[in-house]
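# Structural overview
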Amino acid sequence: MSHHGVGLRAVTRSVAFLTAGVLAVPLLTACGGDEDEASKPLAGQDIAPAARSLLTDGGTLRWAVDSVPETLNTFQADADATTTRVAQAVLPSMFRLDANGRPVRNADFLESAKVVDTEPRQVVLYKLHQQAVWSDGREIGAADFAAQWRALSGKNSAYWTARNAGYDRIEKVQRGANDLEVKVTFSRPYADWKSLFSPLYPKEVMGTPDSFNDGARRKLKVTAGPFSLKKVAKADGDVVLVRSPRWWGRTPKLDGIVLHAVPRDKRAWALAVGKVDVAEIDPADAERIVLAARGKSTPLQGPGAARTPARALRSWALAHGSDEEAAEEETVARSKERAASAKYAEQQESLRGFEVRKSLEPAYTQLALNGADGPLADERVRRAVARALDREELAGLVLKPLGLPAVPVGSHLALSGQIAYADNSGALGGQDTDEAEALLADAGWVQGGPLGKPKKVAGGEGKKADATSTASPKAGESAGGEDGNYIVGDDDKPYGEPVREDHQDPLDASGKKNLAQDGKQSLHKHPDQGGAPAGAYAPKGTPAPAGAAAGALAKDGKALTLRFVLPSGPGSATLRAVGDRIARMLDRVGIRTAVTKVSDDSYFKDHIASGQYDLALYSWPASAFPATDARPIYAKPVPAADGSLNVEQNYTRVGTDQVDQLFDQAIATLDEHKSASLVRKADARIWAAGGSIPLFQRPQLLAVRKNAANLGAFGFQTPLYEDMGFLKKGVTPGSKASPRP
């Protein structure tokens, strides 16, 4: 989980898995239907495809990353997105993702892989490529598969593993009829068997706890990919990959790839001064590069962008005034600004050599509703929040300015293009102010009563900060204003529209904390709502409180105010703009939000994971294996032996036995289409519970040097590192890449 979109397989398997609930209840039919419907990604790839024959042989690609990884072992808890990128380039993978986010056989390592038996046990037979060898010359074989299974099975606690999903279902790994065959027998059926052994580490890494724990943190002596690891230079911020002489596949066009750590707010500078050739960027930098490519500039960017005519006139007056000290200070300031402007213009000239390649990232942003206690422990309030949101408007706020499809995400468990995708948002219902107000009234929240200000709201760096109740923010103010707290709607004044962006706990009346679980409402259908889950609509005849939008709601003498925590860092402007718009939508139905902006470092650790929030925005990456990877995110929290709540990665604390049961069935169903149908049904249940509201697929923006080909916004697809390269002189971009053999 990240508001920067960390890879799912590096995150969602970093914890143990919950025991499944087995309560047998009627299954809720997915609103998108049980049949597999062909869907396509909302946006295609943007990688400047070119035939390999058009690329020059050689050259080094410098690629900006967030950090030098702490480990090169993707199965350890501190693995990150750079760890995954290195593994993709230097290690075997049995399956990779295609442009639709679906697993496909990696022909460089596998001749075939299929289930050959299901009774009495599931057996998968892998037939390896006859030329597949490690960089030391040894053949890739059953010994490597067996070593990885033993290390990740969870049976030996000496291995410091972050995840073992799937490997814990394996009974044995054996050599097949010859050295090129590997036979894997499962103790329990496992639908997501294609997720295993990708990446595959050599037995030298997986063979002992010591080698697993420490042997692959800073080095990989043995590899098997188009590139090998030359060095990790943490002091320089570099991970250096070079062309592997042992690679049997198509020869990489590049001599090497340098992954260079560059902070997000320094990437435009790094591109301009030639430190990197490709970098993921934010919308503001994307606009800057587009303008540079067009040879245009704008006074709304760069040094002096905030200078109004009035401020400019005042500056001139100070510089030429009779107060010599003030004149000198202003003259120096004006000189520095001119120098900065000249430097900015020089950088803009350098940025003309780059272009922005854009698509939609395989990840989506959601609004999380903490259902552990407080008002959101009541599913009617959670559903009222959902019914107050205009998801199309929120998607348009982020994606339309970028020229990307502004389509709300309809599933928690898959994205458009993937086999398990269906729009199940109808299980909760679309935007409807009247229904939202009626749901709140049914939950006992009515207009009137004392509007006490919350004494504490979640503050920065894990501390509590005093809430300051101020007038409603002006248009766009929350996204770019100072850190701190304000209560949206506290003055009951209407809001204007925000400008475009540059891109402890309360107890219930009985004194007990509430855990959002299976409410009895979820077992009934409203007779006049077409079978929609109960709670998505208020009971028939419930009146909406008159004038709710004009004043806050209260219950038992307490105002309905939700703690809305947002990150304050320079790369989070988009989230703050979305949060501002959500707060305005909620205010229209009488829900006030105490907005607190905290540092990016504190955001997840001190607020999301610890449950110190009511509302929050963050992203989950999509997975090709949702029955495995999404299980810990949505499984029902259970009490631990010490009395604490074991939430795994379900940070909303909202779960149901039915969802657990459907995940269990999906993971044990070997028929791919039946398993996908069960995943869709689970998603409909997740929608109905109202713990999280998917909003939009995240934009994927990369600045790439114009002569770099087969590189950019990949969307779902696993990159083909051997096909990346620089166009030959005189070649025009646009030619399609040659087909893979």
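Summarised in this report is the structure supplied together with it. Just so it is clear, the structure is predicted and the values come from calculations on it, not from any experiment.

Reading guide: rules and limits
- Residues numbered from 1 in each chain as written.
- Predicted model: local features only at pLDDT ≥ 70, side-chain atom pairs only at ≥ 80, totals over all residues.
- Heavy atoms only, no water.
- Helix = DSSP H or I, 4+ residues; strand = E, 2+ residues; numbered from the N terminus.
- Buried < 20%, exposed > 50% of the residue type's maximum accessible area, 1.4 Å probe, protein only.
- Contact = heavy atoms within 4.5 Å.
- Phe/Tyr/Trp six-rings, centres within 6.5 Å; stacked < 30°, edge-to-face > 60°.
- Pairing = 2+ DSSP bridges.
- Axes fitted to C-alpha atoms, helices over the stretch in contact; angles between N-to-C directions.
- Parallel < 35°, antiparallel > 145°, perpendicular 65-115°, else oblique.
- Left-handed = near helix turned anticlockwise from the far one by under 90°.
- Nonpolar A, V, L, I, M, F, W, Y, C, P; charged D, E, K, R; others polar.
- Patch = residues over 30% accessible without salt bridge, like charges linked within 9 Å, V, L, I, M, F, W, Y side chains within 5 Å.
- Areas by Shrake-Rupley, 256 points an atom, 1.4 Å probe, with all protein chains shown as cover.
- Salt bridge = Lys/Arg side-chain N within 4 Å of Asp/Glu carboxyl O.
- Lys, Arg positive; Asp, Glu negative; His and termini not counted.
- Charge placed at Lys NZ, Arg CZ, Asp CG, Glu CD.
- Right-handed = clockwise from strand over helix to strand, strands pointing away.

Glancing now at the overall build of the protein. The number of helices and strands found in the protein is 18 helices and 26 strands. A total of 741 residues make up the protein; the buried ones form 54% of that total.

Bringing helix α9 (residues 379-388) into the picture now. In terms of burial, α9 is a largely internal element, 10 of the 10 residues being buried. Buried residues in α9 make contact with β12 (354-369), α11 (433-442), β19 (561-567), α13 (573-587), α18 (672-689) and β24 (692-705).

Our focus in this paragraph is the packing of aromatic side chains. Inspection of every chain in the model, using the stated rule, returns 17 aromatic pairs. With centroids separated by 5.9 Å and ring planes inclined at 55 degrees, the aromatic side chains of Phe109 and Trp247 adopt a geometry described as tilted. Of the two residues, Phe109 is situated in the loop between β3 (103-105) and β4 (110-117) and Trp247 in the loop between β9 (238-243) and β10 (256-261); the sequence distance between them amounts to 138 residues. Since its relative accessible area comes to 10%, Trp247 is described here as buried. Relative to Phe197, the ring of Tyr126 lies with its centre 6.0 Å away and its plane at 90 degrees, an arrangement referred to as edge-to-face. Placement of the pair is Tyr126 in strand β5 (residues 123-128) and Phe197 in the loop between β7 (181-186) and α3 (203-206), with a sequence separation of 71 residues. Neither residue differs from the other here; Tyr126 and Phe197 are each classed as buried. Within the aromatic cluster, the residues linked to one another by ring pairs are Phe75, Phe95, Tyr126, Phe145, Tyr167, Trp193, Phe197 and Tyr201.

Pairing between sheet strands relies on hydrogen bonds along the backbone, with the strands arranged either parallel or antiparallel. One open sheet holds the 4 strands; their spatial order is β4-β5-β7-β6, and the pairing between them is antiparallel. Unpaired on one side and paired on the other, β4 and β6 (170-175) mark the two borders of the sheet. On average, each strand axis in the sheet is inclined to that of its neighbour by 15 degrees, with strand direction left out of account. Examined bridge by bridge, β5 and β7 share 5 bridges and lie antiparallel to one another. By the bridge assignment, Lys127 is partnered in β7 with Glu181. Against the sheet, helix α2 (residues 142-152) makes contact with β5, β6 and β7, and its axis sits at roughly 160 degrees relative to β6, the strand it touches most.

At a minimum axis distance of 10 Å, the contact between helix α10 (residues 391-399) and α13 shows a crossing angle of 155 degrees. Here α10 lies roughly antiparallel to α13, going by the angle between them. Handedness of the α10/α13 crossing: right-handed. Contact residues: α10 offers Glu393, Leu394, Leu397 and Val398, while α13 offers Thr574, Ala577, Val578, Arg581, Ile582 and Met585. Classifying every residue of the contact of α10 with α13 by side-chain character gives 7 nonpolar, 1 polar and 2 charged.

Let us look at a negative patch on the surface. A surface patch of negative charge is lined by Asp323, Glu324, Glu325, Glu328 and Glu329. By the secondary structure assignment, Glu324 is in helix α8 (residues 324-350). Overall, the relative accessible area of 66% leaves Glu324 in the exposed class.

Across the 7 residues of β19, 7 count as buried, placing the element largely inside the fold. Every second residue of β19 is oriented toward a common face, with Thr561, Arg563, Val565 and Pro567 on one face and Leu562, Phe564 and Leu566 on the other, all of them buried. Judged from the 7 bridges that link them, β19 and strand β20 (residues 592-598) form a sheet pairing that is parallel. In the sheet register, Val565 faces β20, and the bridge partner there is Thr596. With α13 bridging β19 and the parallel β20, this β-α-β connection has right-handed handedness. Pairing of β19 with strand β21 (residues 615-621), which is carried by 2 bridges, proceeds in the parallel orientation. Each residue of the ladder has a partner; that of Phe564, found in β21, is Leu615.

Under the definition given, this model contains 28 salt bridges. Residue Arg383 is joined to Glu379 by a salt bridge in which the shortest nitrogen-to-oxygen separation is 3.5 Å. Note that Arg383 and Glu379 are positioned in helix α9 at a spacing of 4 residues, about one turn of the helix. This pair shows no difference in class: Arg383 is buried, exactly as Glu379 is.

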